[in-house]
Amino acid sequence: MVVVANDLSSSSKTLPRVLVVSRRTLRKNKHVDFVGEYHLDLIVSHGAVPVIVPRVSGIHSMLRSFEPIHGVLLCEGEDVDSSLYADKELPGLSQEDMDEIGSLHASDTTIDREKDSIELSLAKLCLERNIPFLGICRGSQILNVAAGGTLYQDIDKEVGTTTKHIDYDNYDEHRHEASLVEETPLRKWFDEMDQIMVNSYHHQGVKRLAERFAPMAYAPDGLIEGFYDRSRYDPEEGRFLMGLQFHPERMRSSDDEFDYEGCVSVYKEFVKAVTAFHKKQLDAAEIVMEVKKKKTLVKSFSGAEVLEANTVLSKQQENRLKQMGATVRNSCVYMKRMKRKEEQERAMDKLSAERLSDLLSFHRMMARLCSDAIKRKLLEPADSDY
């Protein structure tokens, strides 16, 4: 559906925002930023707004200006700089090996340190603030490095694999097997299948998986094809932290039909988490506004300034005090109550926004339950004994 200007101006609903970092290429002697349209289509179709973060020098220091951030999707790009995850206890690849890898994968081996910096900063921000995160291909590698894991610089050289993870002559149609781990989101999305056929466009991959993550899929050579954080997976509650080495958005036939419904589920569940996270932020903002309003009312109507000045109360001032349950005679008691209320508010201020949002949701649920119970009691027939 095409959204016209009038639709935008008349809509009061603010949609959640998903940050996506662009990749750049050289076109007519100039760099051009781009993001795969499949990713953007899937985000939009499930009700979120993609916000593209350009790969421009200095952007990594401006990321807070892109807030509010309700989700991050990282995908596509060149090899991650090995100095960011190098295992100092193990020897690296020789220069001869690196030269050979560079000739085989020329489009991927050029290091882009600015993109690394932008994406690592975003990944770490998501880890710190529980922002929903989905990493595809390079994005999964960035997530693993950000959480303390390492990568293979080249699967063929370090694993000696017989599984083909990239086929330049059959780029989009190439598939290889992936075994799905039981009781994981990936297994659920793909209808509890033991194995699926996935695409591949990479020569690097997860070597040591960060401790917080659990594998969801393996290639025949043992390479991890998907992982997630068990403690951070609950889309209904806004929790999602996942990396996939394959590209579900591109697993399509010639008529653009997806190989599996699970390919769409990846993005559907991610956006569901983004939407829930967005709602929690709105609820937290609502709590802050309510607290500010209450503090303003207390300051306006407590009459503290009037009492301290020992002046005669005007009729209007006395009425204001009465409206708040205070009179000249019981103003001391009232001020003590206000002090206790302020202490309670300070205690609430110490809680995180997520905790406050959970608390608000709980009380709203209890209010609905009480309201339903009252309605049922009012509808009950009167006791015949009375």
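Up top is the structure.
The present account deals with the structure reproduced in this document. Being a predicted model, the structure only gives us computed values, none of them experimental.

The rules we used
- Residues numbered from 1 in each chain as written.
- Predicted model: local features only at pLDDT ≥ 70, side-chain atom pairs only at ≥ 80, totals over all residues.
- Heavy atoms only, no water.
- Helix = DSSP H or I, 4+ residues; strand = E, 2+ residues; numbered from the N terminus.
- Buried < 20%, exposed > 50% of the residue type's maximum accessible area, 1.4 Å probe, protein only.
- Contact = heavy atoms within 4.5 Å.
- Areas by Shrake-Rupley, 256 points an atom, 1.4 Å probe, with all protein chains shown as cover.
- Salt bridge = Lys/Arg side-chain N within 4 Å of Asp/Glu carboxyl O.
- Pairing = 2+ DSSP bridges.
- Axes fitted to C-alpha atoms, helices over the stretch in contact; angles between N-to-C directions.

## Side note on the overall build of the protein
- Of regular secondary structure, the protein possesses 12 helices and 13 strands.
- Counting over 386 residues, the protein shows a buried share of 42%.
- Counting only contacts in the protein whose residues sit at least 6 apart along the sequence, the fraction spanning at least 24 positions is 71%.
- Here the protein displays about 22,100 Å² of accessible surface, and carbon together with sulfur accounts for 52% of that area.

## Description of the pattern of salt bridges
- Taken as a whole, this structure holds 21 salt bridges when the rule is applied.
- In this structure, Arg138 engages Asp116 in a salt bridge whose closest nitrogen and oxygen atoms are separated by 2.7 Å. Residue Arg138 is found in helix H5 (residues 138-146), and its partner Asp116 is found in helix H4 (residues 113-129); the two are separated by 22 residues along the sequence.
- Among the ionic pairs, Glu237 bridges to Lys280, the shortest N-O distance being 3.4 Å. Linking Glu237 in the loop between strand E12 (224-228) and strand E13 (241-244) with Lys280 in helix H8 (residues 261-301), this pair joins segments that are 43 residues apart in sequence.
- The exposure class of Lys280 is buried, given its relative accessible area of 12%.
- One salt-bridge network, held together by shared partners, links Lys115, Asp116, Glu119 and Arg138.

## Thoughts on the sheet that holds E13
- In spatial order, the strands read E4-E1-E5-E6-E13-E12-E11-E8-E9; together these 9 strands make up an open sheet with mixed pairing. In this open sheet, the two strands that pair with only one neighbour each are strand E4 (49-53) and strand E9 (195-198). This sheet shows a mean twist of 25 degrees between the axes of neighbouring strands, independent of strand direction.
- Relative to E13, strand E6 (residues 133-136) is paired through 4 bridges, and the arrangement is parallel. Residue pairing in the sheet places Ile136 in a bridge with Leu244 of E13.

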